[in-house]
There are 2 protein chains.
Amino acid sequence: MTTITLKDVAERANVSIATVDRVLHERAGVSARARQRVKEAIHDLGFGQLPVRLTRAARGKLRFLFLMPGLETEFVRNLYDGLKKARTIVPDVEIQIEVQRVSLADGKGIIAALEHVGPDRFNGVGVFAVDAPGVRQAIDETVDRGVPVVTLVSDVPLSRRAHFVGIDNVAAGRTAGRLMGKFLRGVSGSIGLVTGNQHMRDHVERHMGFRQIIGMDYRGLKMLPPVEGESMDARNRSIVIDLMRDHGDLAGIYSIGAGNGGIITAIEEMQPARRPVVILHELTRQTRKALAAGAVDAIIVQDTGHMTRSIVRLLSSLAFSEEHHDDQEKIRIEIFLAENDL
Amino acid sequence: MTTITLKDVAERANVSIATVDRVLHERAGVSARARQRVKEAIHDLGFGQLPVRLTRAARGKLRFLFLMPGLETEFVRNLYDGLKKARTIVPDVEIQIEVQRVSLADGKGIIAALEHVGPDRFNGVGVFAVDAPGVRQAIDETVDRGVPVVTLVSDVPLSRRAHFVGIDNVAAGRTAGRLMGKFLRGVSGSIGLVTGNQHMRDHVERHMGFRQIIGMDYRGLKMLPPVEGESMDARNRSIVIDLMRDHGDLAGIYSIGAGNGGIITAIEEMQPARRPVVILHELTRQTRKALAAGAVDAIIVQDTGHMTRSIVRLLSSLAFSEEHHDDQEKIRIEIFLAENDL
DNA sequence: CTGAAAGCGCTTACAG
DNA sequence: CTGAAAGCGCTTACAG
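Residues numbered from 1 in each chain as written. Chains lettered and ligands numbered in written order. Predicted model: local features only at pLDDT ≥ 70, side-chain atom pairs only at ≥ 80, totals over all residues. Heavy atoms only, no water.

Peer 1: Help me understand the sheet that holds strand β4 (residues 149-152) of chain B in this model?
Peer 2: Adjacent strands of a sheet form backbone hydrogen bonds with each other and so pair up, either parallel or antiparallel. Residues and elements named next belong to chain B. The sheet built from five strands is open, its strands ordered β2-β1-β3-β4-β5 with parallel pairing. Each edge of the sheet is formed by a strand with only one pairing partner; in this case those strands are β2 (94-102) and β5 (163-165). The sheet shows a mean angle of 25° between the axes of neighbouring strands, taken without regard to direction. Both strand β3 (residues 124-127) and β4 contribute to a ladder of three bridges, which runs parallel. Residue pairing for β4: V127 is matched across the bridge by T151. Running at roughly 175° to strand β1 (residues 61-69), helix α5 (residues 74-86) makes contact with β1, β2 and β4 of the sheet. Most of the contacts of helix α13 (residues 304-319) go to β1, to which it runs at about 135°, and overall it touches β1, β2, β3, β4 and β5. (Pairing = 2+ DSSP bridges. Helix = DSSP H or I, 4+ residues; strand = E, 2+ residues; numbered from the N terminus. Axes fitted to C-alpha atoms, helices over the stretch in contact; angles between N-to-C directions. Contact = heavy atoms within 4.5 Å.)

This is the structure in structure tokens:
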């Protein structure tokens, strides 16, 4: 592999070496035309062939846009914090991160936000996606404009996003189902299902996975119809109170979405003779505390620190057309009991 | 921060710039005396102040030594494979890894191997340690000679090793205990404990953690005295056959070490009316297969890929006196069911 | 906004 | 094994 020099680029672009240098370092005082010619010349000669010290300098800054849910749960806040910390995860590159909040009720917020995203403004986009009509196309158009897209937490599998950073939610639901079955070994009774809503692909998938396992292997357990609490504490609380009132044989509760504070409170208030087995998702202050206190049996987790480091690494390697380490970027479905939540 | 130049180093060392260049790139044709003077000059001026492109060049190669158990279980083989893959995890640095096998029966193998380790031969050492007499001192002397040491899987906490890459094994035992208790909700019976041997700190700690939880919270479960199988399939097989013969109420088996093939085989052969709950450690071909087949209930895992990437990153940042990302290097105690082993 | 030229730092080729 | 010198590539300072 031969490294190209500023001289090569200068000759091809018909400008002086000094001008090439200015463009590569994004210094002021270059006409749009000259800048354009230099960029084309570099493109023709191959960006990756530039000497490391110069590409490092040229890299200088990367700007990433993240589209995140407007509904700010603690899980989402943990993702924000993770993104902030992850800015230093790629050596020698200064990464700027802009977070924009969009409604996940339908895809309109995402579609509108992506419309204005071009390579002039961002080197990559991370999307906490909802798989609604038009979103796939908006992602593909962003990619066509030259901005790589990586989905986060919730995928749009048929789009041309470069990667998905998150867990297999069907498998996560199956994991919850298996745990529930094993914790309720030999028990007969009903299982209450509390979900966010049916727009959210991850919730639907978890529900599906859970249903598969319980239906297949645990005939003694009857699943009640899922109730939508919109991931809100207040609604979840009253849902669980109703569940416990109406079903004397309630043996377990699987909470698919957020708003787990409401679920924990409801059980505390009702003080049932035998607490139902509770399995829920994501570590937050409340769920951790409940786990430590023995008020919850297990928590299924996707590590927000890992996910945010991963998406920043992936967007960076996409921006530089570099390889990435597949093993390292795989997000695992983790199971936490009080004893391994350190 | 001012970067020092070859000229600065050359003046201080009283040699020519060309000689400094040769030393920094480890090119041949430099007298030991000149090399020594240059190294001292760089040391005085501050290694970290060298320009990046030169330190990158000077970095060129890093050589790490890994002391690994002579007994080659699949877990240990997975660590080898992980080390091989991890050689490319640090950008722009060529990493050479030498693996040396030592007996873990006592500390002698480790002590002997560390004796010959100096900064001329290695830039860092990873030790799968046994906490035996003399090992702590051997590690400290290696550190004093200027070679950073990181322990892997099994720690020597009172030594001056820079980091420990592995899990908290007491917590891992507690996690196993909690799972066992929850899987045996309301059941009375005995629990069989199969361990490797009592020299291994990690085994002792897991045992301790398991005992804490069962003793505290699950009075219906009686723990039988632990039996040492030396992590060998054959011995573990006969241990489990004896356990099942002698204890009609055997409700669970916790396997603390390796040799799990023997445990799985024994249960298959005995065909008990109700299989005891089985919890064991580490994903291998055999344990995975047994998990998928439902012959095992849960596996406690420390991710060998994560651990090996972590130790290579840590040794590299120690060699370059660079910062590391603490969050990223924390090894988690993972729980695998068939459903989240993807 | 641009380039010719001087400067700086590292590398290479050669002479001893 | 060593250094003086030429060379290469990037950067800076200046003139227009």
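Peer 1: Help me understand the protein's contact with DNA strand D, please; the structure alone is not making it clear to me.
Peer 2: Taken together, 19 residues form the shell around DNA strand D, and within it L6 and D21 of chain A together with T19, R22 and S31 of chain B come nearest. Restricting attention to atoms of DNA strand D within 4 Å of the protein, one finds that 69% of them are sugar or phosphate atoms. The separation between a phosphate oxygen of DNA strand D and a polar side-chain atom of T19 of chain B is 2.9 Å. Here a base oxygen of DNA strand D sits 2.6 Å away from a polar atom, N or O, in the side chain of R22 of chain B. Mapped by element, the contributors of at least two residues to the surface near DNA strand D are α2 (17-24) of chain A together with α2 (17-24) of chain B. Among the elements that line the surface near DNA strand D, the one with the most residues is α2 of chain A, at four residues. Residues belonging to the surface near DNA strand D are distributed by class as follows: nine nonpolar, six polar and four charged. (Near = heavy atom within 4 Å. Polar contact = N/O pair within 3.5 Å; in protein donor to acceptor, adjacent residues only side chain to side chain. Nonpolar A, V, L, I, M, F, W, Y, C, P; charged D, E, K, R; others polar.)

Peer 1: How should the protein's contact with DNA strand C be read in this particular structure?
Peer 2: If you check the shell around DNA strand C, you find 19 residues, and the closest are T19, R22 and S31 of chain A together with L6 and D21 of chain B. For DNA strand C, the backbone makes up 69% of the atoms found within 4 Å of the protein, where backbone means sugar plus phosphate. Here a phosphate oxygen of DNA strand C and a backbone polar atom of S16 of chain A are 3.1 Å apart. Taking T19 of chain A, its side chain carries an N or O atom lying 2.9 Å from a phosphate oxygen of DNA strand C. Taken together, the elements giving at least two residues each to the surface near DNA strand C come down to α2 of chain A together with α2 of chain B.

Peer 1: In this structure, what is going on with the relation of the copies chain B and chain A? I would like to understand it.
Peer 2: What relates the pair of chain copies is a rotation about an axis plus a shift along that axis. It takes a turn of 180° to lay chain B on chain A, together with a shift of 0.1 Å along the axis; the resulting RMSD is 0.2 Å. Here the symmetry operator amounts to a two-fold rotation axis. With an isologous cut-off of 70% or more, the 100% of interface residues of chain B that recur at the interface of chain A puts this contact in the isologous class. (Least-squares fit on C-alpha atoms with pLDDT ≥ 70 in both.)

Peer 1: How should the interface of chain B and chain A be read in this particular structure?
Peer 2: Think of interface size as the accessible area that goes away when the parts come together; that is how it is often given. Between chain B and chain A, the contact holds 40 residues from the first and 40 residues from the second. In this assembly, chain B packs against chain A so that about 3,700 Å² is buried in total across both faces, 48% of it on carbon and sulfur atoms. Sorting the residues of chain B by area buried against chain A places R185, R332 and E339 of chain B first, and these three jointly supply 20% of that buried surface. Here R178 of chain A and E339 of chain B are joined by a salt bridge, their closest N and O atoms 2.9 Å apart. On the surface where chain B and chain A come into contact, there are 19 residue pairs in polar contact (both at pLDDT 80 or more). Broken down by secondary-structure element, the contributors of at least two residues to the side of chain B that touches chain A are α4 (52-59), α8 (169-183), α13, α14 (326-329) and β12 (334-336) of chain B. Across the side of chain B that touches chain A, the residue classes tally to 14 nonpolar, six polar and 20 charged. (Buried area = accessible area lost by both parts, 1.4 Å probe. Salt bridge = Lys/Arg side-chain N within 4 Å of Asp/Glu carboxyl O.)

Peer 1: Just to check I follow, could you spell out the environment of S310 of chain B for this structure?
Peer 2: Residue and element names in this part refer to chain B. Note on placement: S310 falls in helix α13. You can call S310 buried: its relative accessible area is 0%. Here the alpha-carbon distance between S310 and G166, two residues 144 residues apart in the chain, equals 9.6 Å. (Buried < 20%, exposed > 50% of the residue type's maximum accessible area, 1.4 Å probe, protein only.)

Peer 1: Is there a simple way to think about unusual backbone geometry in this case?
Peer 2: A negative phi angle is the norm for most residues apart from glycine, just as the trans form is the norm for most peptide bonds. Residues and elements named next belong to chain B. In this model, V153 sits at a positive phi of 70°, which is unusual for a non-glycine residue. One can find V153 in the loop between β4 and β5. Judged by its relative accessible area of 2%, V153 falls in the buried class. In this model, E282 sits at a positive phi of 80°, which is unusual for a non-glycine residue. Mapped onto the secondary structure, E282 falls in the loop between β10 (277-281) and α12 (285-292).

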